[in-house]
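Here are the chains, one letter per residue:
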Amino acid sequence: MATCTHLDTITVTQLPAEVAGCEDCLREGGKWLHLRICLACGHVGCCDDSPSRHASMHAAGTDHPLIRSLEPGEQWVWCFADEVAMLVEGISGGTRIPPSPLLVG
Ligand SMILES: [Zn+2]
Ligand SMILES: [Zn+2]
Ligand SMILES: [Zn+2]
(Lines give C-alpha, C1' and ligand atoms only; values in the text may rest on other atoms or scores of the structure.)
(Ligands and ions follow the chains in the order given, each with its own letter.)
Protein backbone atom coordinates (compact mmCIF):
# COMPACT_ATOMS: atom_id res chain seq x y z
CA MET A 1 0.00 0.00 0.00
CA ALA A 2 1.30 3.43 -0.94
CA THR A 3 2.21 5.84 1.80
CA CYS A 4 2.63 9.58 1.63
CA THR A 5 6.05 11.08 2.24
CA HIS A 6 4.87 14.69 2.02
CA LEU A 7 3.35 15.28 5.42
CA ASP A 8 6.16 17.72 6.22
CA THR A 9 4.81 20.07 3.52
CA ILE A 10 1.72 20.77 5.62
CA THR A 11 1.65 24.29 7.02
CA VAL A 12 -2.13 24.73 7.15
CA THR A 13 -3.26 23.20 10.44
CA GLN A 14 -6.22 25.49 11.00
CA LEU A 15 -8.86 25.59 8.31
CA PRO A 16 -10.38 28.97 7.40
CA ALA A 17 -13.78 29.65 8.91
CA GLU A 18 -15.23 30.55 5.55
CA VAL A 19 -14.14 30.71 1.90
CA ALA A 20 -15.78 32.43 -1.05
CA GLY A 21 -15.17 29.55 -3.47
CA CYS A 22 -12.43 28.38 -5.81
CA GLU A 23 -9.97 31.27 -6.01
CA ASP A 24 -9.18 30.64 -9.66
CA CYS A 25 -12.79 30.15 -10.76
CA LEU A 26 -13.77 33.36 -8.99
CA ARG A 27 -11.00 35.21 -10.81
CA GLU A 28 -11.77 33.66 -14.21
CA GLY A 29 -15.54 33.56 -13.91
CA GLY A 30 -15.57 29.77 -13.89
CA LYS A 31 -17.76 27.36 -11.97
CA TRP A 32 -16.60 24.77 -9.47
CA LEU A 33 -18.21 21.62 -8.21
CA HIS A 34 -16.32 20.68 -5.03
CA LEU A 35 -13.72 22.68 -3.12
CA ARG A 36 -10.27 21.55 -1.98
CA ILE A 37 -7.67 23.43 0.04
CA CYS A 38 -3.91 23.17 -0.44
CA LEU A 39 -2.33 22.20 2.85
CA ALA A 40 0.98 23.87 1.98
CA CYS A 41 -0.29 27.39 1.25
CA GLY A 42 -4.05 27.52 1.77
CA HIS A 43 -4.92 27.94 -1.92
CA VAL A 44 -8.58 27.04 -2.46
CA GLY A 45 -9.19 25.21 -5.72
CA CYS A 46 -11.78 23.00 -7.33
CA CYS A 47 -11.94 19.23 -7.69
CA ASP A 48 -11.19 17.05 -10.70
CA ASP A 49 -14.92 16.81 -11.49
CA SER A 50 -15.00 20.58 -11.97
CA PRO A 51 -14.47 21.96 -15.50
CA SER A 52 -11.15 23.64 -14.70
CA ARG A 53 -9.70 21.28 -12.06
CA HIS A 54 -7.87 24.09 -10.31
CA ALA A 55 -6.75 22.02 -7.30
CA SER A 56 -4.92 19.64 -9.66
CA MET A 57 -3.54 22.55 -11.64
CA HIS A 58 -2.22 24.17 -8.47
CA ALA A 59 -0.54 20.96 -7.34
CA ALA A 60 1.03 20.47 -10.76
CA GLY A 61 2.32 24.03 -10.87
CA THR A 62 3.81 24.02 -7.37
CA ASP A 63 5.45 21.61 -4.99
CA HIS A 64 2.24 21.39 -3.00
CA PRO A 65 0.96 17.82 -3.35
CA LEU A 66 -1.53 17.65 -0.49
CA ILE A 67 -5.12 18.84 -0.58
CA ARG A 68 -7.93 18.44 1.91
CA SER A 69 -11.57 18.42 1.02
CA LEU A 70 -13.57 21.43 2.17
CA GLU A 71 -16.90 19.74 1.55
CA PRO A 72 -19.15 19.45 4.62
CA GLY A 73 -18.44 16.28 6.54
CA GLU A 74 -15.40 15.34 4.45
CA GLN A 75 -12.02 15.21 6.18
CA TRP A 76 -9.91 13.25 3.74
CA VAL A 77 -6.57 14.40 2.43
CA TRP A 78 -5.31 13.45 -1.02
CA CYS A 79 -1.69 13.40 -2.15
CA PHE A 80 -1.33 14.08 -5.88
CA ALA A 81 2.27 12.87 -5.86
CA ASP A 82 1.63 9.51 -4.21
CA GLU A 83 -1.99 9.21 -5.38
CA VAL A 84 -3.11 8.14 -1.96
CA ALA A 85 -5.99 9.27 0.24
CA MET A 86 -5.60 9.44 3.98
CA LEU A 87 -6.74 11.11 7.16
CA VAL A 88 -4.26 13.51 8.75
CA GLU A 89 -4.27 14.27 12.46
CA GLY A 90 -3.82 17.79 13.74
CA ILE A 91 -5.85 19.81 11.25
CA SER A 92 -8.57 21.63 13.11
CA GLY A 93 -11.51 23.81 12.26
CA GLY A 94 -14.27 23.59 9.73
CA THR A 95 -14.95 25.76 6.71
CA ARG A 96 -18.24 27.23 5.63
CA ILE A 97 -18.48 27.10 1.85
CA PRO A 98 -20.98 28.53 -0.64
CA PRO A 99 -23.09 26.16 -2.74
CA SER A 100 -21.50 25.01 -5.99
CA PRO A 101 -22.39 27.42 -8.82
CA LEU A 102 -22.57 24.38 -11.10
CA LEU A 103 -25.32 22.87 -8.98
CA VAL A 104 -27.30 26.04 -8.37
CA GLY A 105 -27.00 27.07 -12.01
ZN1 LIG B 1 2.61 12.32 -0.63
ZN1 LIG C 1 -11.73 26.33 -9.99
ZN1 LIG D 1 -0.43 25.44 -2.43
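Everything that follows concerns the structure shown earlier in this document.
Residues numbered from 1 in each chain as written. Chains lettered and ligands numbered in written order. Predicted model: local features only at pLDDT ≥ 70, side-chain atom pairs only at ≥ 80, totals over all residues. Heavy atoms only, no water.

(A) Focus on the coordination of the zinc ion (ligand 3). The zinc ion (ligand 3) binds to the protein through Cys38 (SG), Cys41 (SG), His58 (NE2) and His64 (ND1), with metal-donor distances spanning 2.0 to 2.3 Å. The site at the zinc ion (ligand 3) holds four donor atoms, and with the angles between them running 103 to 113°, its shape is tetrahedral. Along the chain, the residues donating to the zinc ion (ligand 3) are arranged with the sequence spacing C-x2-C-x16-H-x5-H. Exposure remark for His58: the relative accessible area of 14% places this residue in the buried category. Residue classification places His64 among the partly exposed positions, given a relative accessible area of 21%. (Donors = N, O, S within 2.8 Å, 3.2 Å for Na, K, Ca; no water. Tetrahedral: all angles 85-135°; square planar, octahedral: opposite > 155°, others 65-115°. Buried < 20%, exposed > 50% of the residue type's maximum accessible area, 1.4 Å probe, protein only.)

(B) The environment of Arg36, seen in detail. Counting through the fold element by element, Arg36 comes out in strand S1 (residues 35-38). Along the chain, Arg36 and Cys47 lie eleven residues apart, while their C-alpha atoms are 6.4 Å from each other. Within the structure, Arg36 has its side chain in polar contact with the side chain of Ser69 (distance 3.1 Å). (Helix = DSSP H or I, 4+ residues; strand = E, 2+ residues; numbered from the N terminus. Polar contact = N/O pair within 3.5 Å; in protein donor to acceptor, adjacent residues only side chain to side chain.)

(C) Looking closely at the coordination of the zinc ion (ligand 1). Summarising the metal site, the zinc ion (ligand 1) is bound by the protein donors Cys4 (SG), His6 (ND1), Cys79 (SG) and Asp82 (OD), whose distances to it range over 1.9 to 2.4 Å. Between the four donor atoms coordinating the zinc ion (ligand 1), the angles at the centre fall across 94 to 117°, so the site counts as tetrahedral. Here the donor residues for the zinc ion (ligand 1) map to a single chain with the spacing C-x1-H-x72-C-x2-D. Here the residue Cys4 occupies a position in the segment before helix H1 (23-28), and Asp82 occupies one in the loop between strand S4 (77-79) and strand S5 (84-86), the gap between them amounting to 78 residues.

(D) Region of the structure containing the nonpolar core. The biggest cluster of nonpolar side chains holds 20 residues, and the ones touching the most others in it are Leu35, Leu39, Leu66, Leu70 and Met86. Elements with a minimum of two residues in this core: S1, strand S2 (44-46), S4 and S5. Leave out the neighbours within four places in its chain, and Leu66 touches Cys4, His6, Leu7, Thr9, Ile10, Ile37, Cys38, Leu39, Val77, Trp78, Cys79 and Met86. (Core = buried A, V, L, I, M, F, W, Y, C linked by side-chain atoms within 4.5 Å. Contact = heavy atoms within 4.5 Å.)

(E) Focus on the side chain of His43. For His43, the position within the fold is in the loop between S1 and S2. There is a polar contact of 2.8 Å between the side chain of His43 and the side chain of Asp24. Excluding residues within four positions of it along the chain, His43 makes contact with Glu23, Asp24, Arg36, Ile37, Cys38, His54 and His58.

(F) Local environment of the pattern of salt bridges. This model, assessed by the stated rule, comprises four salt bridges. A salt bridge links Arg96 to Glu18, with the nearest nitrogen and oxygen atoms 2.9 Å apart. With a gap of 78 residues between them, Arg96 in the loop between S5 and helix H3 (101-104) and Glu18 in the segment before H1 connect regions that are remote in the sequence. Residues Arg53 and Asp48 are paired through a salt bridge, measuring 3.5 Å at the closest nitrogen-oxygen approach. Since its relative accessible area comes to 41%, Arg53 is described here as partly exposed. (Salt bridge = Lys/Arg side-chain N within 4 Å of Asp/Glu carboxyl O.)

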